[in-house]
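The lines below spell out each chain.
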Amino acid sequence: MSLEPFVLYELAWHGKGQMVTVTSYDAEIERSLRNRYLYAGLYLNELTVRTLPVGVSTPSLFHAYDDAISMLARGEKLEPVLRTFERILLRESGYELLFNYDQSTGDEIVPDRYYRFIPNVGFELTKKTSDALSGSALLAIAEDDYADIETRRIAKRVLRNALKPLLGDRPLTSRQFFRGANHGV
């Protein structure tokens, strides 16, 4: 019995806990990922496995994962797919980031102002510095609009920092694949 990654299966099994025996399976949706899309799919798998407790049911995250894999199989742009999934993963893990609110005041983010990201807290108004985040980019991320390169750069940096507490100190193996292929996750 050989199962392929990224294929949606209907399974039958018996057993208890984590020790089960698959007795039958049928492929419902077959998808194939290649090259950088394969690495992105492995990244999504690793994020999911590393952040969620075993045996916890999260239907909305499953649907987000399934949508992301489908988009990767169609060859859609990587950054929006990955960043959107990361945001949903954070929300489903209880760490939702509100990209459109200043967490210290409760005010809405202002497009022409600058903010800093405080892990496990959110965004706070700050002066314009080299590491300050533009309000317009934060508002674009809140709308899952990654058309602008600066927005993609900020989203990647913020979401990577937001995921750190869930992932721990051990580096992600899938990122090493991307580095080897000259692509960044």
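Computed from a predicted model, the values in this text were never measured in an experiment.

The next thing to look at is the pattern of salt bridges. Tallied over the full model, the rule gives nine salt bridges. The closest approach of N and O atoms between Arg31 and Asp66, which form a salt bridge, is 2.7 Å. Pair noted here: Arg31 is in the loop between β2 (19-29) and α1 (35-51) and Asp66 is in helix α2 (residues 59-73), with a separation of 35 residues, a long-range link. There is no split in this pair, since Arg31 and Asp66 are both buried. Arg74 is paired through a salt bridge with Glu76; the nearest N and O atoms lie 2.8 Å apart. Judged by relative accessible area, which is 56%, Arg74 ranks as exposed. Given a relative accessible area of 30%, Glu76 falls into the partly exposed group. Overlapping salt bridges bring together Glu79, Arg83 and Glu86 as one network.

Counting residues in hydrophobic clusters, the biggest one holds 41 residues, and the most contacted among them are Leu44, Leu72, Leu97 and Phe123. When residues of this core are traced back to their parent elements, those giving at least two are α1, α2, α3 (78-92), β3 (114-118), α4 (135-142) and α5 (149-167). For this core, the element with the most residues is α5, which contributes eight residues. For Leu97, the contacting residues outside a window of four places in its chain are Arg87, Leu90, Phe117, Gly122, Phe123, Val158, Leu159 and Ala162.

A separate point is the environment of Asp66. Looking at Asp66, the relative accessible area reads 13%, which means it is buried. Here the alpha-carbon distance between Asp66 and Val7, two residues 59 residues apart in the chain, equals 9.5 Å.

This part is about the sheet that holds strand β4 (residues 122-126). Strand order in the open sheet formed by three strands is β4-β3-β5, and the pairing between neighbours is antiparallel. The open sheet terminates on both sides in strands that have one partner only, identified here as β4 and β5 (133-134). Strand direction decides the pairing type here: β3 and β5, joined by two bridges, are antiparallel. Residue pairing in the sheet places Tyr114 in a bridge with Ser134 of β5.

With respect to the element layout, Gly75 can be found in the loop between α2 and α3. With relative accessibility at 35%, the residue Gly75 sits in the partly exposed group. C-alpha separation for the pair Gly75 and Arg34, spaced 41 residues apart in sequence, amounts to 9.4 Å.

Between the first and last C-alpha of α3 there are 21 Å, a value that for 15 residues agrees with the 21 Å anticipated at 1.5 Å per step. Looking only at α3, the buried set comprises Leu78, Val81, Leu82, Arg83, Phe85, Glu86, Arg87, Ile88, Leu89 and Leu90. Looking one or two residues past α3, Gly94 carries a phi angle of roughly 90°, positive in sign.

Attention shifts here to α4. For α4, the complete set of buried residues consists of Gly135, Ala137, Leu138, Ala140 and Ile141. Where α4 is buried, its residues meet α3, β3, β4, β5 and α5.

Each value, and the rule that gives it
Throughout, a residue's number is its position along its own chain's written sequence, starting from 1. Predicted model: local features are reported for residues with pLDDT of at least 70 only, side-chain atom pairs are reported and counted for 80 or more only, and whole-chain, interface and lining totals are derived from all residues. By convention in this description, side-chain values take in all heavy atoms of the structure and omit both hydrogens and water. Note on definitions: salt bridges are taken to be side-chain nitrogens of Lys or Arg within 4 Å of carboxyl oxygens of Asp or Glu. Helix and strand assignments come from DSSP, with helices taken as H or I runs of at least 4 residues and strands as E runs of at least 2, each series counted from the N terminus. When accessible area is computed with a 1.4 Å probe and restricted to protein chains, residues below 20% of their type maximum are described as buried, those above 50% as exposed, and intermediate ones as partly exposed. Side-chain atoms within 4.5 Å link the members of a nonpolar core, which is a set of buried Ala, Val, Leu, Ile, Met, Phe, Trp, Tyr and Cys residues. Every residue pair with non-hydrogen atoms within 4.5 Å of one another is taken to be in contact. In this description, strands pair whenever DSSP reports at least two bridges between them. Multiplying one less than the number of residues by 1.5 Å gives the expected span of a helix.

Function cannot be read off these values alone, since they describe shape.
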